[in-house]
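The chain contents come next:
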Amino acid sequence: MEELYDFTVSLITCSPGSEVWANYGHTALRIQDRSSGTDVTFNYGLFSFDTPHFIWRFCTGQTDYCVGASETKYFLQEYERENRQVTEQVLDLPQQDKLMLWSSLVENCRPENRFYRYNFFYDNCATRVRMMVERSSSSAVRYDFDSPYSNLRDILNHYTADYAWTGFGISMLLGPEADSPASLRVQMFAPEIMQQAFAGATVDGRPLVSGTTVLVPAGERAPKAWIPSPQLTLWTVAVLVAAFTAYGVARKKRLWGIDLALSLVLGLMGSIIFFLTAFSSHPATSPNWLLIWINPLPLAYGILMCFGKWRESRAARWCSALYLLPLSVGLAGFALKFQYFHPALIPLLLTVALRCGYNAFSIVRKA
């Protein structure tokens with residue numbers, strides 16, 4: 001593209017979408033040249049599911065994103081189709097800073113420079129845009145915004161409030177780093193927070209943003225199908241397990257199938273948490289104190305439960321009874337707030353503790 005001399009630079013903020021990767025919104029940079037009619041948007045949020053070993057790389061935190069430029073009208077069409085609001089903030093930058101930003105963006109779009117290692121909190125579509133603006137500015141950008149959030153976990157909970165199961169899964173995968181106080185700069189990984197921070201920012205004592213326009217208004221979205229929340233689901237399971245356990249005590253039946261199901265579910269959950277803690281470079285996944293009681297060990301126990309000789313052995317009941325110890329530590333961690341404890345984990349912990357306690361009782365009863 002030819003060099004631009006009379007252009008406008010804008011921060012573009014897109015409201016959250018329904019897909020998991022779109023729950024937090026999106027950020028881009030728009031550059032318009034009045035003299036040539038050029039109108040392009042630079043987007044640092046491009047990725048492809050067709051990338052070799054995409055799932056593995058995503059799970060281990062080795063996903064590469066890239067920057068690309070497209071005509072703004074085509075960029076906006078996608079958000080119009082999804083009924084997502086797009087807001088433009090025109091940045092009041094000196095001409096030489098705009099030229100520097102344009103040159104840097106064009107350089108970033110070269111094939112050898114366009115890819116970068118994505119990091120959800122610290123290097124994403126929003127933080128890249130902020131970095132490009134700050135580096136191209138001849139004066140420091142100063143932010144004056146009092147965020148309503150104290151840590152990263154609060155932000156995630158806000159944006160997943162309408163997606164209960166997504167929020168539940170994310171809450172288990174993140175450790176205490178997500179609960180630590182987060183500065184405004186760190187919180188600006190979320191596009192809407194960065195939008196608000198830019199609105200109050202100054203450069204050389206003057207406002208960074210000279211005007212704000214809604215390019216695409218928010219449209220009506222199709223109502224979501226109702227699904228039971230994690231809390232409702234797991235409390236229902238807890239009540240059913242308690243009822244069947246009481247029946248087993250009255251009839252002197254162990255009902256080992258309950259232990260098998262709980263062990264497999266808990267073990268699979270623990271295996272995922274352990275994998276991300278030990279092998280993933282995703283931010284805030286290590287350490288994770290939930291591993292004390294949600295770990296891979298129940299998976300081994302569940303597999304052994306498939307064998308009748310082990311299932312009926314005294315050792316099987318002892319293993320189950322001894323699991324009360326990590327459950328107690330997990331409950332203590334919840335009380336002492338070692339890290340965020342999703343409310344839906346309470347019925348799960350109590351359900352597992354009930355079955356472990358029942359197996360301990362059965363040992364005493366047969367002694």
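Refer to the structure presented above.
A quick note: this is a predicted structure, and the numbers were derived from the prediction, not measured.

Novice: Mind laying out the sheet that holds strand 7 (residues 141-142), listing which residues take part and the relevant values?
Specialist: Taken in spatial order, the three strands line up as 7-8-9 in an open sheet, and their pairing is antiparallel. One side of each edge strand has no neighbouring strand; the edge strands of this open sheet are strand 7 and strand 9 (206-207). Here two bridges tie strand 8 (residues 202-203) to strand 9, and the two strands are oriented antiparallel to one another. When the sheet's bridge partners are listed, Val-203 is paired in strand 9 with Arg-206.

Novice: Describe helix 11 (residues 297-304), listing the residues and the values that go with them.
Specialist: Considered for burial, the residues of helix 11 that qualify are Pro-298, Tyr-301 and Gly-302. One side of helix 11 holds all its buried residues, which, seen down the axis, span an arc of 100 degrees. Looking at the packing, one finds that the buried side of helix 11 touches helix 10 (256-279), helix 12 (308-311) and helix 13 (314-322).

Novice: Requested: an account of a nonpolar patch on the surface, with residues and values cited.
Specialist: On the surface, a nonpolar cluster with roughly 600 Å² of combined accessible area is contributed by Trp-289, Ile-292, Leu-325, Val-329, Leu-336 and Phe-338. Position of Leu-336 relative to the elements: it lies in helix 14 (residues 324-336). On the accessibility criterion, Leu-336 (59% relative accessible area) is exposed.

Novice: Can you explain the sheet that holds strand 5 (residues 86-91)? Please cite residues and give values.
Specialist: Paired through backbone hydrogen bonds, the strands of a sheet run either parallel or antiparallel to each other. The strand order across the open sheet formed by seven strands is 6-4-3-2-1-5-10, and the pairing between neighbours is antiparallel. Single-partner strands in this sheet number two, and they are strand 6 (115-117) and strand 10 (209-216). This sheet shows a mean twist of 25 degrees between the axes of neighbouring strands, independent of strand direction. In the sheet, strand 3 (residues 39-46) pairs with strand 4 (residues 64-71) via five bridges, with the strands oriented antiparallel. Its bridge partner lying in strand 4, Asn-43 is registered against Gly-68. Strands strand 1 (7-14), strand 2 (26-33), strand 3, strand 4 and strand 5 of the sheet are contacted by helix 3 (residues 95-108), whose axis makes an angle of about 60 degrees with strand 1. In the packing of helix 4 (residues 125-136) onto the sheet, contacts are made with strand 1, strand 2, strand 3, strand 5 and strand 6, and the angle to strand 2 comes to roughly 40 degrees.

Novice: Explain empty space enclosed by the protein residue by residue, including any values.
Specialist: In this structure the tally under the stated criterion is three cavities of 30 Å³ or more. As a volume, the largest cavity reaches approximately 100 Å³. Around the largest cavity sit Trp-289, Leu-290, Ile-292, Trp-293, Val-329, Gly-330, Gly-333, Phe-334, Phe-338, Gln-339, Tyr-340 and Phe-341, which together line it. Of the residues in the lining of the largest cavity, the class split is nine nonpolar, three polar and no charged. Considering only enclosed or pocket space, the second largest cavity measures out at about 40 Å³ in volume. Every residue along the wall of the second largest cavity is listed here: Tyr-24, Arg-153, Leu-156, Asn-157, Thr-160, Gly-167, Ile-170, Ser-171 and Leu-174. Contributing elements (two or more residues each) for the lining of the second largest cavity: helix 5 (152-159) and helix 6 (164-173).

Thresholds applied
- Residues numbered from 1 in each chain as written.
- Predicted model: local features only at pLDDT ≥ 70, side-chain atom pairs only at ≥ 80, totals over all residues.
- Heavy atoms only, no water.
- Pairing = 2+ DSSP bridges.
- Helix = DSSP H or I, 4+ residues; strand = E, 2+ residues; numbered from the N terminus.
- Buried < 20%, exposed > 50% of the residue type's maximum accessible area, 1.4 Å probe, protein only.
- Arc of directions from axis to C-beta.
- Contact = heavy atoms within 4.5 Å.
- Patch = residues over 30% accessible without salt bridge, like charges linked within 9 Å, V, L, I, M, F, W, Y side chains within 5 Å.
- Areas by Shrake-Rupley, 256 points an atom, 1.4 Å probe, with all protein chains shown as cover.
- Salt bridge = Lys/Arg side-chain N within 4 Å of Asp/Glu carboxyl O.
- Axes fitted to C-alpha atoms, helices over the stretch in contact; angles between N-to-C directions.
- 1 Å grid on protein atoms, 1.4 Å probe; cavity = no way out; pocket = protein on both sides within 12 Å on 5 of 7 lines; lining within 4 Å.
- Points joined across faces, edges and corners; volume = space filled by probe spheres on them.
- Nonpolar A, V, L, I, M, F, W, Y, C, P; charged D, E, K, R; others polar.

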